Amino acid sequence: MNPVVFLPGWCLGRGPLQAAADALGAGILDLPGYRDMPPVAGFDAAVDLVAGRLPPGSALVGWSLGAQLALAVAARHPDKVGRLALIAGTASFVQRDGWPHAMPPAVLADFAAGIAADVEAMLPRFVGGFNRGDARAKAVSAELLRLADPRPAGDVLATGLAWLRDVDLRADAPRIATPTLLLHGAADPLMPVGAAEALAALIPGAELAVFADCAHAPFVSRPDDCIARLRAFLDVPAG
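It should be emphasised that the depicted structure is a prediction, and the values quoted were computed from it without experimental measurement.

Details of the pattern of salt bridges
In this structure the tally under the stated criterion is 11 salt bridges. Between D44 and R76 there is a salt bridge, with the nearest N and O atoms lying 2.8 Å from each other. Of the two residues, D44 is situated in helix α2 (residues 43-53) and R76 in helix α3 (residues 65-76); the sequence distance between them amounts to 32 residues. Across the salt bridge formed by R229 and E207, the nearest N and O atoms sit 2.6 Å from each other. You can see R229 sitting in helix α10 (residues 223-234) and its partner E207 sitting in strand β6 (residues 207-211), a full 22 residues away along the chain. Among the residues examined, R229 registers a relative accessible area of 33% and is labelled partly exposed.

A closer look at the packing of aromatic side chains
This model, assessed by the stated rule, comprises seven aromatic pairs. Each ring, one from F111 and one from F126, has its centre 5.2 Å from the other, and the planes form 35 degrees; the classification is tilted. Of this pair, F111 sits in helix α4 (residues 105-117) while F126 sits in helix α5 (residues 119-130), and the two are 15 residues apart along the sequence. Like F126, F111 is buried. Plain terms: the ring middles of F126 and F130 are 5.1 Å apart, the flat faces sit at 85 degrees to each other, and that makes the pair edge-to-face. Of the two residues, F126 and F130 both sit in helix α5, four residues apart, roughly one turn of that helix. Just as F126 is buried, F130 falls in that class too. Members of the aromatic cluster, joined through ring pairs, are W10, W63, F111, F126, F130 and F219. Positioned above the aromatic ring of F233 is the side chain of R83, whose terminal nitrogen or guanidinium carbon lies 5.1 Å from the ring centre.

Overview of the environment of I227
Within the secondary structure, I227 sits in helix α10. What I227 contacts, discounting residues up to four positions off in sequence, is A20, A23 and L24.

What to know about the nonpolar core
Most often, soluble globular proteins have nonpolar side chains that are buried together. By size, the foremost hydrophobic cluster in this structure holds 92 residues, and its most contacted members are F6, W10, W63, F219 and L230. Top contributing element to this core by residue count: α3, with nine residues. Once residues lying within four places of it in the same chain are set aside, the contact partners of F219 are P16, L17, A20, W63, I87, L144 and C226.

Digging into the packing of α4 against α5
Contact geometry for α4 and α5: axes closest at 6 Å, N-to-C directions at 135 degrees. The angle between α4 and α5 falls in the class oblique. Between α4 and α5, the residues in contact are F111, G114, I115 and A117 and V119, M122 and F126, respectively. Grouping the constituent residues of the contact of α4 with α5 by class yields six nonpolar, one polar and no charged.

Description of the side chain of H216
On the secondary structure map, H216 appears in the loop between β6 and α9 (218-221). Aside from chain neighbours lying at most four places away, what touches H216 is W63, S64, A88, F130, N131, D188, L190 and M191.

Rules used in this analysis
- Residues numbered from 1 in each chain as written.
- Predicted model: local features only at pLDDT ≥ 70, side-chain atom pairs only at ≥ 80, totals over all residues.
- Heavy atoms only, no water.
- Salt bridge = Lys/Arg side-chain N within 4 Å of Asp/Glu carboxyl O.
- Helix = DSSP H or I, 4+ residues; strand = E, 2+ residues; numbered from the N terminus.
- Buried < 20%, exposed > 50% of the residue type's maximum accessible area, 1.4 Å probe, protein only.
- Phe/Tyr/Trp six-rings, centres within 6.5 Å; stacked < 30°, edge-to-face > 60°.
- Lys NZ or Arg CZ within 6 Å of the ring centre and 35° of its normal.
- Contact = heavy atoms within 4.5 Å.
- Core = buried A, V, L, I, M, F, W, Y, C linked by side-chain atoms within 4.5 Å.
- Axes fitted to C-alpha atoms, helices over the stretch in contact; angles between N-to-C directions.
- Parallel < 35°, antiparallel > 145°, perpendicular 65-115°, else oblique.
- Nonpolar A, V, L, I, M, F, W, Y, C, P; charged D, E, K, R; others polar.

Now the structure itself:
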């Protein structure tokens, strides 16, 4: 069986994904600048760095910013990705012409300024905000904050926010030739479900699974359902 590799989201690191990875016998590849991964300035360089660390034919599972990186790796380095799963994925984090299912750029700019001023004060607001609408919002937010890795350097966080501001993967999505599953919370306020529907329409043959009463972190909010869908898609045996 080809290896399964998770890519974490912005700021929180691998901790929130560890239980899901363990359940699937998967590894976790840290984002550039986190833990032992070297930092890079450009998103394209980050895509190449991640691809360079993957065995050929990997099953790649990305969450949030990690989903954007996973999407780009699958499109640009097809030999490295045998299956692709995107959790809370989107082609563009901010609104653009023809892409309304996203955050207004001014809101992201205000958030980035707050992070630069005091990340420890902003982080609980960020996590609580992206769990609004989840049936288990308070418990999920508390669990994510408990599991979060130590924060990377401030310039690494700023770089990640710049990628979220600048990256538009609508041209990459149709190039994906590997089986693709999108997992998305119906109540995700950070990556609206409309973004997942639009992205699924861009990726040839993509399957979209939407979890009701769930926001941005289905692997914590609905862990059994999320793991079951991933296990079936990735053809990972139970036990």
